[in-house]
Amino acid sequence: MDVMKFAKKEIAAMQQGMTSRVSVAPTPGMINLGAGDPDFNQPEFINKAVYEAMKAGHTHYAFGGDPEFKAAIAEYYQKYGVTVDPSSQVLIESGGSQAIFRAFGAILDPGDEIVIQDPAYQGYNQPAAYFGASIKHANMTKDENGTFRPDMDNIRAAITGKTKALLICNPDNPCGAVYTQKELEQIAEIAVEKDIVVIADEIYTEYVWGGREHLPIINLPDMWERTMVLMSFSKTFAWTGCRAGYIIAGPELMKVINGVPIGICSMPVPFQKAGTLALKEGWDFVAEMRAEFKKRIDYFVPRLNEIEGITCPMPEGAFYTFVDISELNVPSVDFAREFFHHEKVRCAPGTQYGPNSEGHIRFALVKPVEDLEEVAVRLERFTKDLPQKAPTAFP
Ligand SMILES: Cc1ncc(COP(=O)(O)O)c(C=O)c1O
């Protein structure tokens, strides 16, 4: 039976069974730097808090989310100089992915356009397609350090009369840029002039390097009612499996976002209770993770740059290296596939992040330095006699 005849047309139009996230079965000797899943387990006091909350009977409906959790979120975001009313400006989500879905669902009609930069995290593509909207890419351009940055001319050029929103990821996955005050001001100016929404994916705010600071675009003039801030516990608290996230927006815009009928509140109440505790007492754990990621970056980036044909800028934020392999003259998909085939190292091909990202691969630094040392050895070996490895892939 052809079940696709039942499918919503946007789903049918997407490749069947396509998903942006797939788990990879373990292979002996594999070093998986593919997905951005931090290799830290959440601390025991947070695990216990989930059970304690259940024992205390916090197992009932919490319509609109637990007020205590929302207050803790508002207090946390205050650290970026943003004052948020927890009841009208915080919406609980089960992770960043759902925050994306809800944000898009609130504003995108079939035929609308959303401007997404390239490179960009691939998890924006399917939700946009699901709502029948099309993505217009605004290519980022490299600065003198080789870091992809937002390009205001390209952003302007991508905006049309059908554009509803511009998406920014700050700090950026995959390319590691942390937006400057000037860049944010320029983007805000464009958003106000073109009268569009800015969706600011800020899930890597806790990982900002080199003395930089995270600056929230929502705080700029006239941005309050046209910005949706998407946040997640996944990277902040290594909480990828427990699913926690939230959206912050102005009260009027929040009413619109709230109109997307996701359900009662999609994060289990005991986890909301544990989330409150994490926001109050989890910062030593975050500091440990941050120090470890920094150690990995400080080791891996210079080591990558020693390898012939490869260059890699120091990320300004997040915990990825976006490596330029263009000199090797190999499509990134072939490179990633054959690197895994020959050396059992998983990385993400640049084209996963858009056509402008060809010539790059991304490593998520979710393994300790000892593993990264081994990855560098394998990468060096792999790139040395690359064309012989798979003559069909490397004409
Ligand atoms: C930029 C960005 N946004 C959103 C997400 C999705 O977050 P979550 O895992 O909480 O659904 C990710 C996950 O890797 C991401 O990198």
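This text gives an overview of the structure that appears in the document. (Residues numbered from 1 in each chain as written. Predicted model: local features only at pLDDT ≥ 70, side-chain atom pairs only at ≥ 80, totals over all residues. Heavy atoms only, no water.)

As a matter of local geometry, the ligand sits amid 16 residues, with S97, D201, S232, S234 and R243 nearest to it. Calculation on the ligand without its partners gives an accessible area of 390 Å², and the protein chains cover 97% of this total. Elements with a contribution of two residues or more to the shell around the ligand: α5 (96–107) and α9 (233–236). If you tally residues by element for the shell around the ligand, the top one is α5, at three residues. When its residues are assigned to classes, the shell around the ligand shows six nonpolar, six polar and four charged. (Near = heavy atom within 4 Å. Areas by Shrake-Rupley, 256 points an atom, 1.4 Å probe, with all protein chains shown as cover. Helix = DSSP H or I, 4+ residues; strand = E, 2+ residues; numbered from the N terminus. Nonpolar A, V, L, I, M, F, W, Y, C, P; charged D, E, K, R; others polar.)

Next up on the list: the pattern of salt bridges. By the definition in use, this model includes 30 salt bridges. A salt bridge links D143 to R149; the nearest nitrogen and oxygen atoms lie 3.3 Å apart. According to the relative accessible area criterion, D143 is buried, its value standing at 18%. D195 is the salt-bridge partner of R226, the closest N and O atoms lying 3.0 Å from each other. With R226 in the loop between β8 (197–201) and β9 (227–232) and D195 in the loop between α8 (181–194) and β8, this pair connects stretches of sequence that are 31 residues apart. The class for D195 is exposed, based on a relative accessible area of 57%. Here the residues in one salt-bridge network are D143, R149, E183, R212 and E316, joined through shared partners. (Salt bridge = Lys/Arg side-chain N within 4 Å of Asp/Glu carboxyl O. Buried < 20%, exposed > 50% of the residue type's maximum accessible area, 1.4 Å probe, protein only.)

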